[in-house]
Amino acid sequence: MGIYEFCFPTTIRFGAGSRHEIADALKAAGVQRPLLVTDRGVVSLAFFEEMLHSFKSAGLQAASFSDLEGNPVQSHVTAGVSVFQAHEADAIAAVGGGAAMDVGKAIALMAHHPGNLFDYEDGKPDARPVDQPIPYLVAVPTTAGTGSEVGRSSVISDDDTHAKKIIFSPHILPKTVFADPELLLGLPPKITAATGMDALTHCVEAYLAKGYQPMCDGIALEGVRLVAKSLATSVHNGTDLNARSDMLAAAMMGAVAFQKGLGVTHSCAHALSTVYDVHHGLANALMIPYAMQFNLAAVPEKLAMLAAVVGVEPTGDRFIDWLETLKAEVGIPKTLSQIGVAEHKVDELVAVAYADGCHPLNPRACSAADIRSIYLAAL
Ligand SMILES: [Zn+2]
């Protein structure tokens, strides 16, 4: 059967108001000069101002870097490292959605490591070793989607080619996550829907991924149940703290579970982001029913189990119907053409998706022709 590695993450302080613990936690860790890494949207929110104020009151010399927009690219990281060094920072608090998390982790890596960020790309034959100190790193998620706050990787794109590169190291796992659902209460419905569908896709693909990982399977199934219970409420009643809590937990559960692997939905989604700059969560949401239709022949029992977990008749077909219904309920378009994807771009999408590292763990092996048929079904 082989030997598998099970690795469960970091300390999570979960609950409304946990953000008020951050300043004291940093002080207790001996931090004096934290750099807050966030995006342009978050930096203007009241809670961020309060956070800076609480850092000051605790005697911390804080600076912030918020020059982030859209999918994270290498130049964001380079700019952030300059701010880190100019401030002589000794810690990083990554505050925001997946982009802030990933850039915060990458700045932490590059703060004291030589060379270029992509010299550390996972799986690169001549990758440089991660052997220098990493600044103390904490994470404060403000979306419920990627779950990057509990992950050991950072996904950063090349500025020019938009190709996504994965930097993986256990050392860039945040030391503590402050998961405060109050920070999600103002998240707009569109972002809530897209990020929530990413969390769902992580749970579903992790559960279906090849390999023996029963602990992850259990976490993934409960994550799917929480999404079924609370995503639509989070979208339509954004101030529902219980629904926001469920989704914040589900996002972290998805990210914990996908250490097992992901699948062809993510490969197709990555290509949509590379070729069309589609939001990652939206791209997954668009693709997942079509990818599951492809998987149905290989793993009917597992898809039936997912159907049971979301509360519909336990068959794979009903699970796929449920995905379509949920998409419609949270305002996600049904097809790729609705977001402007053109058939003449399918060849390019297939090439990028086939080269992607996620589909080799998909429960049904995917040829380039299979991926093409999934895209054509989704058009
Ligand atoms: Zn994802």
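Given the structure is predicted, the values throughout are model-derived calculations rather than measurements.

1. Digging into the overall build of the protein chain
So, point 1. Counting its regular elements, the protein chain contains 14 helices and eight strands.
So, point 2. Compactness check: the protein chain gives a C-alpha radius of gyration of 20 Å against a globular reference of 21 Å for 379 residues, within 12% of the reference.
So, point 3. Along the three orthogonal principal directions, the C-alpha set of the protein chain runs to about 60 × 45 × 45 Å.
So, point 4. The buried share of the protein chain, taken over its 379 residues, is 51%.

2. With respect to the environment of Met305
So, point 1. Residue placement: Met305 occurs in helix H11 (residues 300-310).
So, point 2. Accessibility expressed as a C-beta count within 10 Å gives 18 for Met305, which makes it partly exposed.
So, point 3. In this structure, the C-alpha to C-alpha distance between Met305 and Ile22, residues 283 residues apart in sequence, is 39 Å.

3. Section: helix H4 (residues 74-86)
So, point 1. Relative to the 18 Å expected for 13 residues at 1.5 Å per residue, H4 spans 19 Å between its end C-alpha atoms, a close match to the ideal helical length.
So, point 2. What H4 keeps buried is the set His76, Val77, Gly80, Val81 and Phe84. Along the axis of H4, the buried residues cluster in a sector spanning 135 degrees; they form a single face. Facing away from the buried side of H4 by over 90 degrees, the exposed positions are Ser82 and Ala86.
So, point 3. Among the structural elements, strand E2 (34-37), strand E3 (63-65), helix H5 (98-110) and strand E6 (153-157) are those in contact with the buried residues of H4.
So, point 4. Backbone geometry just after H4 places Glu88 at a positive phi near 50 degrees.

4. Re unusual backbone geometry
So, point 1. For Glu88, which is not glycine, the phi dihedral falls at a positive 50 degrees.
So, point 2. Summarising the element assignment, Glu88 is placed in the loop between H4 and strand E4 (91-96).
So, point 3. One non-glycine residue, Asp277, adopts positive backbone phi at about 55 degrees.
So, point 4. On the secondary structure map, Asp277 appears in the loop between helix H9 (264-276) and helix H10 (280-295).

5. Some points on the sheet that holds E3
So, point 1. A sheet is described by the order of its strands in space; here six strands give the open sequence E1-E8-E5-E4-E2-E3, paired in parallel fashion. Since the sheet does not close on itself, it has two edges, and those belong to strand E1 (11-14) and E3, each with one partner. The mean inter-strand angle of the sheet, taken between neighbouring strand axes irrespective of direction, is 20 degrees.
So, point 2. Pairing analysis gives four bridges linking E1 to strand E8 (residues 176-179), with the strands arranged parallel. By the bridge assignment for E8, Ile12 is matched with Val177.

6. Quick word on the nonpolar core
So, point 1. Formed by 125 residues in total, the largest nonpolar core has its most connected members in Val37, Ile107, Cys203, Ala220, Val224, Ala250 and Cys268.
So, point 2. Beyond its immediate stretch of four places on either side in the chain, Cys268 contacts Met287, Ala291, Ala353, Ile371, Ile374 and Tyr375.

7. Overview of the pairing of E4
So, point 1. Of all six residues in E4, six are buried; the element is thus mostly enclosed.
So, point 2. Residues of E4 alternate between two faces, with Ala91, Ala93 and Val95 on one and Ile92, Ala94 and Gly96 on the opposite face, all of them buried.
So, point 3. With four bridges joining them, E2 and E4 adopt parallel strand pairing. Opposite Pro34, over in E4, you have Ala91 as the bridge partner.
So, point 4. Here six bridges tie E4 to strand E5 (residues 136-141), and the two strands are oriented parallel to one another. Looking at E5, one finds that Ala94 is bridged to Ala139.
So, point 5. Each parallel crossover has a hand, and for E4 linked through H5 to E5 it is right-handed.

8. Things to note about the environment of Val299
So, point 1. Along the chain, Val299 falls in the loop between H10 and H11.
So, point 2. For Val299, a count of 19 C-beta atoms within 10 Å corresponds to the partly exposed category.
So, point 3. Put simply, Val299 and Arg372 are 73 residues apart on the chain and 20 Å apart in space, counted from C-alpha to C-alpha.
So, point 4. Beyond its immediate sequence surroundings of up to four residues, Val299 is in contact with Leu208 and Pro363.

Conventions we followed
Residues numbered from 1 in each chain as written. Predicted model: local features only at pLDDT ≥ 70, side-chain atom pairs only at ≥ 80, totals over all residues. Helix = DSSP H or I, 4+ residues; strand = E, 2+ residues; numbered from the N terminus. Rg over C-alpha atoms; globule rule 2.2 N^0.38 Å. Buried ≥ 20, exposed ≤ 12 C-beta atoms within 10 Å, placed from the backbone. Expected span 1.5 Å × (residues − 1). Arc of directions from axis to C-beta. Contact = placed C-beta atoms within 7 Å. Pairing = 2+ DSSP bridges. Axes fitted to C-alpha atoms, helices over the stretch in contact; angles between N-to-C directions. Core = buried A, V, L, I, M, F, W, Y, C linked by C-beta atoms within 7 Å. Right-handed = clockwise from strand over helix to strand, strands pointing away.

Limitation: the analysis is restricted to geometry and does not speak to function.
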